[in-house]
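Read off the chains here:
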Amino acid sequence: MSTIKKRNVSVLGPDAFTGITFKKPATYAAGLTGVKVALQHAFKEMGVVKSMHILSKMNQKEGFDCPGCAWPDPDKPSKLGEYCENGAKAIAEEATNLRTGKDFFAKHSVEELSHWSDYQIGKSGRLTEPMILKPESIHYEPISWEESYTLIADQLHKLGNPDQGVFYTSGRSSNEAAFLYGLFIRAFGTNNMPDCSNMCHESSGVGLSETLGIGKGSVKLEDFDKAEVILVIGQNPGTNHPRMLSALQKCKENGGKVISINPLEEAGLIRFKNPQEVKGVLASGVALTDIHLQVKINQDVALLKLIIKKLATLDKERGNVFDHTFIETYTQGYEELLKDIEQYSEQELHTLSGVEEELIDKTVELLASNNKIIICWAMGLTQHKNGVDNIKECVNLLLLKGSLGKPGAGTCPVRGHSNVQGDRTVGIMHHVSPDLNTAIENTFGFTPPDKEGLDTVHAIEAMHQGKAKVFIALGGNFLSAASDTEYTAEALQNCDLTVAISTKLNRSHLVTGKTALILPTLGRSELDIKNGKPRYFTVENSMGKVHQSKGLLKPASGDLKSEPEIIGGIANAYYKEGHVVDWKNLSEDYEQVREKIELVLKGFNNLKNRSKGSGFYLPNNVRDLDFSKLPNHRAQFSVCSLPFHSIKDNEFLLMTIRSHDQFNTTIYGLDDRYRGIYNERRIVLMNKSDMEKQSLEKMDVVNLTSYYDGKERIARNFLVLPYNIPQGNLASYFPETNVLVPYNHYADKSHTPISKSIVVGIERV
């Protein structure tokens with residue numbers, strides 16, 4: 001066992017305050033203010049000329065896909081610009097004029113950098129050359145590409161077995177890179193492929209697969225135009241998926257209704273000022289939410305059961321509320337669902353939900369008289385112990401109404417990172433797919449492993465226990481994204497080697513294994529040229545449509561490589577004696593990769609031509625009402641239990657949230673404009689009545705503490721702010737509060753961390 005001393009790095013960063021100020025929370029999203037903030041950010045990072053050039057090409061048919069969220073592009077993108085405020089911030093972060101190279105790392109040690117905030121670290125600039133952090137050293141220093149490939153290969157060869165390697169993927173990788181990465185990992189001999197889906201929409205994938213036969217949503221973008229009712233549950237689109245607001249606007253203009261269900265009332269769902277329309281600039285914009293149901297944290301199942309129970313009563317009275325023809329033709333488990341609903345009283349469910357009864361009744365009437373219904377959701381449903389059941393209860397409602405396989409109706413899990421769904425489609429998963437393994441063996445001539453690999457939480461546990469010794473990350477900020485920050489840091493530090501394939505510096509580059517490598521890669525917006533010819537990637541959006549993405553900017557450095565080339569370099573070094581796969585040529589010729597994707601994966605035929613322009617949709621059995629892979633060839637109703645939380649007096653249920661100035665773990669700035677909080681991230685939102693009971697005043701400094709399995713976890717120094725949030729509930733930003741989330745408490749079946757329902761205590765400092 002190594003005796004190398006761990007570096008004196010800060011796992012959590014500083015806990016000092018940055019000078020909070022306040023304004024009234026916003027009552028609308030976007031508008032001229034959104035345009036102004038977006039351009040200010042872009043101009044600061046990229047300059048005026050570069051900003052206008054790059055923004056005009058983002059999400060355009062001959063341009064590049066936004067590196068932010070996965071919301072789909074319309075078939076006819078706006079000529080004024082098909083991007084939102086956060087998309088502009090995302091591309092400004094990637095295409096910044098700042099650089100981080102050998103001089104930077106010679107000046108700043110990892111120990112020093114680790115005491116910077118995540119915001120400061122992210123603002124250091126684009127990585128420009130491969131760097132190595134050697135054992136006993138606290139400074140990164142340059143290393144050649146070939147030396148880095150050889151080092152990785154040597155460490156992989158030293159492992160006792162392939163399962164001692166962990167290969168993580170973030171959602172920003174292209175289909176080509178992810179396919180090649182998964183191919184190498186399987187050739188290496190393991191299915192240890194944790195990815196960011198494990199931490200976000202894994203609950204969606206499991207819940208949808210078990211009930212409808214596919215782990216993706218069923219709607220297309222044009223369905224929003226035709227929907228009669230859209231439920232937006234556990235989601236804040238104004239901040240996290242701002243272009244979704246345009247789709248909701250079209251629904252409203254066509255006579256549809258929007259119901260939001262969330263513990264917080266978010267500005268983006270109150271009113272939308274479309275900056276590309278006169279009424280969005282000069283007038284008041286469009287009121288989006290018709291009914292807001294302020295549900296208590298993780299009581300969505302109770303609320304949905306109550307809605308279904310009331311609908312069932314109306315169905316008995318009127319006889320036409322449920323779509324009985326659909327139920328009898330396509331579903332299974334209807335009687336069991338009704339029997340389950342009968343055991344709960346309306347009063348019990350109403351009390352648990354915390355929602356005003358009048359608003360629930362209005363919702364029920366809307367749902368009773370309409371059947372073109374879309375349900376959208378995000379992390380507010382998935383990151384709970386019962387995350388899978390949350391999704392299944394949504395499916396129950398849609399099945400009862402026959403709201404699947406028709407225009408204007410269906411499931412819509414709104415994915416975060418721009419190709420996280422594509423990565424899973426092309427093979428990044430810890431599960432074993434016999435069909436995929438057979439196709440790989442027939443196409444490439446090697447036998448993939450048939451043992452299930454490690455997901456994110458179990459990969460962390462394996463590294464912590466010394467059972468995994470090499471960690472390679474294709475993008476992402478693993479430390480800040482994962483739960484139980486201090487435990488995860490210890491896990492990474494136990495590794496012999498950690499490798500980060502990245503565009504920018506983040507905290508995961510500072511809290512590392514004994515040896516660490518940073519391998520800098522091209523960004524989405526950058527030209528990818530080989531032998532004088534530009535190359536393109538493909539990506540899949542949140543609704544299952546595949547299309548091309550072509551960068552156009554001069555790369556930040558002449559020493560950057562594309563992700564496929566880096567993967568090919570590692571594989572070629574590992575198989576220096578040769579392999580059935582020609583890794584070098586495959587990694588340099590993306591057309592070869594796409595040809596292999598066509599052979600291995602269903603629905604990708606003629607990929608080169610079909611991915612042009614607006615692209616093509618992948619097969620989706622729900623759209624065709626084909627449930628042949630499910631028991632009795634039918635969609636499945638589910639009997640879901642109510643969630644249970646053991647909460648003592650003076651304890652609360654905390655959900656982690658994003659500020660308006662961040663995307664995932666990337667911090668663009670320190671303002672949460674829509675909530676009226678400026679220049680501070682160390683805050684906790686609390687109901688005013690709860691503050692009075694705890695004898696707390698606005699701006700009191702508190703520590704938040706969670707206790708799971710006898711272990712105390714503390715998030716120190718947070719400012720208490722009164723906010724419109726249900727009693728007994730708290731909200732605070734991640735990654736600052738990820739330290740409170742126990743790594744070994746997660747959703748049943750999906751293993752998604754419980755980041756949206758953490759039992760905590762609060763204590764004044």
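Residues numbered from 1 in each chain as written. Predicted model: local features only at pLDDT ≥ 70, side-chain atom pairs only at ≥ 80, totals over all residues. Heavy atoms only, no water.

Engineer: Looking at this model, I keep getting lost on the nonpolar core. Mind explaining?
Structural biologist: Soluble globular proteins tend to pack their nonpolar side chains together in the buried interior. One finds Leu212, Leu231, Leu311, Phe322 and Ile375 to be the most contacted residues of the largest nonpolar core, which totals 56 residues. Element by element, the count of residues in this core is highest for helix 14 (residues 300-318), at 10 residues. Other than its neighbours up to four places away in sequence, leucine 231 contacts Ile259, Ile261, Leu367, Ile373, Ile374, Ile375, Cys376 and Leu397. Core analysis: the next-biggest nonpolar cluster, separate from the first, contains 55 residues, Phe179, Phe184, Leu436 and Phe616 among them. (Core = buried A, V, L, I, M, F, W, Y, C linked by side-chain atoms within 4.5 Å. Buried < 20%, exposed > 50% of the residue type's maximum accessible area, 1.4 Å probe, protein only. Helix = DSSP H or I, 4+ residues; strand = E, 2+ residues; numbered from the N terminus. Contact = heavy atoms within 4.5 Å.)

Engineer: Before we go on, may I ask you to explain helix 25 (residues 485-493) in this structure?
Structural biologist: Since the α-helix turns once every 3.6 residues, residues separated by three or four places project in the same direction. Where burial is concerned, most of helix 25 is hidden: 7 out of the 9 residues are buried. Turning to helix 25, its buried residues are Thr485, Tyr487, Thr488, Ala489, Ala491, Leu492 and Gln493. Residues of helix 25 that are buried sit in contact with helix 23 (456-464), strand 16 (470-474), helix 24 (478-481), strand 17 (497-502) and strand 31 (711-722).

Engineer: Please explain the sheet that holds strand 23 (residues 616-617) as it appears in this structure.
Structural biologist: Two modes of strand pairing occur in sheets, parallel and antiparallel, and in both the strands are linked by backbone hydrogen bonds. Across the sheet, which stays open at both edges, the 3 strands sit in the order 21-22-23 with antiparallel pairing between neighbours. Pairing within the sheet leaves two strands with one partner each, and these edge strands are strand 21 (537-540) and strand 23. By the bridge criterion, 2 bridges tie strand 22 (residues 545-549) to strand 23 in an arrangement that is antiparallel. Across the sheet, residue lysine 545 finds its bridge partner in strand 23, namely tyrosine 617. (Pairing = 2+ DSSP bridges.)

Engineer: Quick question: what am I supposed to make of the environment of cysteine 84 here?
Structural biologist: Within the secondary structure layout, cysteine 84 lies in the loop between helix 2 (48-55) and helix 3 (85-94). Exposure remark for cysteine 84: the relative accessible area of 14% places this residue in the buried category. C-alpha separation for the pair cysteine 84 and alanine 491, spaced 407 residues apart in sequence, amounts to 37 Å. Once you skip the residues sitting within four places of it in the chain, cysteine 84 turns out to touch Pro242 and Arg243.

Engineer: Looking at this structure, I do not really get the side chain of arginine 7. What am I missing?
Structural biologist: Mapped onto the fold, arginine 7 is located in the segment before strand 1 (21-22). From its side chain, arginine 7 meets the backbone oxygen of serine 137 in a polar contact 2.7 Å long. In this structure the side chain of arginine 7 is engaged in a polar contact, spanning 3.4 Å, whose partner is the side chain of threonine 512. (Polar contact = N/O pair within 3.5 Å; in protein donor to acceptor, adjacent residues only side chain to side chain.)

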